[in-house]
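Coordinate analysis (summary)
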Amino acid sequence: MAKTLFDKIWDAHTVKEINGGISVLYIDKHLIHEVTSPQAFKGIKNRGIPVFRPKQIIATADHNVPTVNQHLPIQDELGKKQVDALMENCKNHHIELYGLGHPYQGIVHVIGPELGITQPGITIVCGDSHTSTHGAFGCIAFGIGTSEVEMVFATQCVMQSKPKTMRINVNGVLGDGVVSKDIVLYILAQITASGATGYAVEFAGSTISNLTMEARMTVCNMSIEMGARCGLIAPDETTFDYIKGRQFAPANELWDASLAKWKILSSDDDSTFDSEIFINAEDISPMITYGTNPGMGIPINAFIPTIACIADSDKAGFSKALAYMGFEEGKKIAGQKIDYVFIGSCTNSRIEDLRMVAGYVKGKTKSADVEVWIVPGSKQVEKQAIEEGIDKIFIEAGFQLRQPGCSACLGMNEDKIPAGKYCISTSNRNFEGRQGAGARTLLASPLTAAAAAITGHVAFPFYLERGA
Amino acid sequence: MSEINKQQSIKDQNYPLGGWGSHGIVRGLFVPLNIENVDTDQIIPARFLKGTTKDGFGKNLFIDWRYINNDEQQPKPDFVLNQPQYKGQILVAGKNFGCGSSREHAAWALTDAGFKVVVSSFFADIFKNNALNNGLLPVVVSDEFLQRIFDQDYDAALTVDLENQTLTIDNTNEAVAFEINSYKKTCLLNGYDDIDFLLGMKEEIERFEMNRM
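Residues numbered from 1 in each chain as written. Chains lettered and ligands numbered in written order. Predicted model: local features only at pLDDT ≥ 70, side-chain atom pairs only at ≥ 80, totals over all residues. Heavy atoms only, no water.

Right, let's talk about the overall build of chain B for a bit. Helix and strand content of chain B: nine helices and seven strands. Taken over C-alpha atoms, the radius of gyration comes to 18 Å for chain B, in line with the 17 Å a tight globule of 213 residues would show. The principal-axis extent of the C-alpha atoms belonging to chain B is close to 60 × 45 × 35 Å. Counting every position in chain B, which comprises 213 residues, the buried fraction comes to 55%. A total accessible area of about 9,400 Å² is found for chain B, and carbon and sulfur atoms account for 47% of it. When the 20 basic and 30 acidic side-chain charges of chain B are each reduced to a single mean position, those positions are 3 Å apart. (Helix = DSSP H or I, 4+ residues; strand = E, 2+ residues; numbered from the N terminus. Rg over C-alpha atoms; globule rule 2.2 N^0.38 Å. Buried < 20%, exposed > 50% of the residue type's maximum accessible area, 1.4 Å probe, protein only. Areas by Shrake-Rupley, 256 points an atom, 1.4 Å probe, with all protein chains shown as cover. Lys, Arg positive; Asp, Glu negative; His and termini not counted. Charge placed at Lys NZ, Arg CZ, Asp CG, Glu CD.)

Before going further, it helps to spend a moment on the environment of Asn169(A). Residues and elements named next belong to chain A. Tracing the sequence through the fold places asparagine 169 in strand β9 (residues 164-171). Classification of asparagine 169 by relative accessible area gives buried; the value is 7%. With 38 residues separating them in the primary sequence, asparagine 169 and threonine 207 have C-alpha atoms 8.5 Å apart. Those residues in contact with asparagine 169 that lie beyond four places of it in its chain are Ala204, Glu276, Ile277, Phe278 and Ile279. A polar contact of 3.1 Å, which involves the side chain of asparagine 169, links it to the side chain of glutamate 276. (Contact = heavy atoms within 4.5 Å. Polar contact = N/O pair within 3.5 Å; in protein donor to acceptor, adjacent residues only side chain to side chain.)

Consecutive side chains of a regular strand alternate in pointing toward one face of the sheet and then the other. Residues and elements named next belong to chain A. Most of β9 sits out of view: six of its eight residues are buried. Both β9 and strand β10 (residues 199-204) contribute to a ladder of six bridges, which runs parallel. By the bridge assignment for β10, isoleucine 168 is matched with phenylalanine 203. As judged from the six bridges shared by β9 and strand β12 (residues 275-280), these two strands associate in the parallel manner. Directly across from methionine 166, in β12, lies its bridge partner serine 275. (Pairing = 2+ DSSP bridges.)

Once that is clear, we can look at the pattern of salt bridges. Enumeration over the complete set of coordinates arrives at 32 salt bridges over all chains. Taking the shortest distance from any N to any O, the salt bridge between Arg47(A) and Asp193(B) comes out at 2.6 Å. Of this pair, Arg47(A) sits in helix α2 (residues 38-47) while Asp193(B) sits in the loop between α7 (182-190) and α8 (194-199), each in a different chain. Judged by relative accessible area, Asp193(B) falls into the partly exposed class, the value being 27%. Note that Asp84(A) and Lys80(A) form a salt bridge whose closest N and O atoms lie 2.8 Å from each other. Of the two residues, Asp84(A) and Lys80(A) both sit in helix α3 (residues 77-93), four residues apart, roughly one turn of that helix. Residues participating in the shared-partner salt-bridge network are Lys3(A), Asp7(A), Asp11(A) and Lys162(A). (Salt bridge = Lys/Arg side-chain N within 4 Å of Asp/Glu carboxyl O.)

So, about the sheet that holds strand β3 (residues 29-32) of chain A. Neighbouring strands of a sheet are bound in pairs by backbone hydrogen bonds; such pairs are parallel or else antiparallel. Residue and element names in this part refer to chain A. With parallel pairing, the five strands of this open sheet are ordered in space as β5-β4-β3-β6-β7. Looking at the sheet topology across the chains shown, the edges are occupied by β5 (96-98) and β7 (140-143). This sheet shows a mean twist of 20 degrees between the axes of neighbouring strands, independent of strand direction. Across four bridges, strand β6 (residues 123-126) lies against β7 in parallel orientation. The partner of threonine 123 across the bridge, within β7, is isoleucine 140. (Axes fitted to C-alpha atoms, helices over the stretch in contact; angles between N-to-C directions.)

So, in C-alpha cells, the structure goes:
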C-alpha cells in the first residue's frame, strides 16, 4: 500500500498498537533541557528505576540561561537551581551534557542539527514544542510534556495516537525580500493557529525544495504554531550535504549505508493525505503579525483587518488582541514605531539568519530609539559569526551581540521586553506576555527585523535595500 | 464498606491526584472562560516555570489575566477567576485551548488549582496528552454545545460522567456524548499511568531494538 513519508517512519517505530488506536512509539533521540526535565528525573527516582538508554539522550542548558557573562555564576537563584539540577541529573545518569561554557552549548533545536544528531528517518522528542524543527531533515520530531519525558527516560517509548496527515505544497519563486519565515507566517495566516491541529504536516513543492536546510528548519519549527503534531520535509541532496561531515553524522561505510536508507525516504507518488493545501510562492510578501497568535499575520504593506472582515466567532479574540497590542483596526502597520528588535530563538538564530541580517545592515547604524539584541542559537553559531567578521558589523551598527540561549523568545531569563513596548522578533510566538508581562510582539523574518532595527519602525525590507 | 465504596477507596489510593471523581463522575458549578486560543503562556507564563517539582503552580494560573498592570497584586475584577460566583472543578473554555508551548506546568497549574475537567470545542494536541497524564479530563463538545454552556447562568451545574462518556447541563438536562480513547479512560478510572504500562512492555521494547539492528 502506498504510504506517506510520515506513515513510513511512524510505522517503522511502532513497537505495538494498543486498543483505541494508541501506538507505543520507539524514540531514537531524546533531547533534554533544564526546564522540563527535573520533574521527570524525580519521577524515575521515585519509582526506583534507571534511565533506560542514556546514550540516546543529549542535554543542554538553554531556556533560562543568561545571555551575558555566561562565564559567571547564574544570578537568578531559581534558574541556577534548574541548571544545577540538570548537571547533577546528567552526571548521575551518564547523559551527555552540553552545558554553559561547553563549545556545543546552545538552543536544543539548533545544536541537534548542527552536530549531526538530527538525521532522516529517525524519531526525536524533546520536552519543548519546537522540536518540530528537526522534521526539516525528514524525521518525525515532536514536543512532549514532562510525563512523557519520564516515559522516554524509563522505556525509550511514548504512547501517542497517530495523527492524520496533511501536505502543504508551496510552488514557485519567492519575490525579493521574501524568506522562509515569510512562507510559514503566510501559511499560518491562511490556515490559522489551529489549522493543522491533529495533523502531521509534510511541506513539499519546488519552493520548499529550493530552500537551504536552515530555511527549512524555520518552516518546520513553526508547524507547531499551526497546531501540527510535527512538520517534515522529505530529505534530498541538500539534506545529505548538510549532514555530511558533522560531529555525529555517520562516516565512511556507515555513511554509504545511511545514505542508501535515506534516499528512499519520501511519500509514495500514489499516497494520499487526509488534507492537502496548495500555495503559490508568488503570493507571499514579507509578513508581519499584528495580533497575539502567530496566525494573525499580514503582508507588511497591508492594513490591519477591520472587525467587519473577521468571522463572528473570532471577533472577541480579535478585539482583545488589538487592545493588547495598542493597534486600531484598518490602520497601516508599516511605519509602526518599534522599541526593541530581537533576532534569535530556535526559529531564526542560525548562521544564515545572522548573515542575512549582517548583509542588510553592513555600513548602516541602528535607529537611536531602538534597542537591538542579536542572540546566536549556539556557541558554534557565535564562533562562526566571529570568524566571518559578522560580529563587527553588528557592533558597528550599534547592535548587542549576546551569548547563546532562548533569551527574549520566552523571557525566562533577564532578557524581557518591558510592558507596553513594541518588539519586532524573529521568534515564533506573539502571545500576550510571551516576551515579558505586557510586552507587544510583532513576528517577522530576520530581514524585516533588520529593516526595523535601522529605521526604527516596521518597514518593507525590499524598498530599503533598493534605496540604500 | 459496600463493594462500590471499596473499589472507590482502592482507586483513590492508587491515584495520586485524589481519584477521578466519585464513580467516575464530576458534578458541580463551572468556570466559564469564553476566550479562544488560550495558549499555555496564558495558563502559566514562562517566568513561573522555574520549579523543579510539580507542586505550587496553581497560584500562578492565568496570573497575567488575573491582575491589573501585571503587578500580581491588584486583581482585575472582571476576570472570571476573580469573581466568587464562578467556582468548581470544571473549566469551560473557547476553542483551541492549550495551544503553544508543551509545558506540562499548564496542566499542573490547572490541577493544582482544583480543576478536574476542561471543556472546549477543540484542544491543542500536546496539552491534551499532558492533561490526561495528570488526571485532568479534556472534554470536546461541538461549538454549538459549548455556546449553550456559556449561555447558562453562573449557578448552573454540569455533570461529567466519564464512565458513560456524557456531559450534561443539569438545569436543562441537555446531554452530549464525548469521545475518549478507551485506554486513556481505563487509566483515568483506575489510576494507571503510561509508565506502568510501558514498564510492563520492557521485554517487547528490547526485542524491538534487537530486531532493528
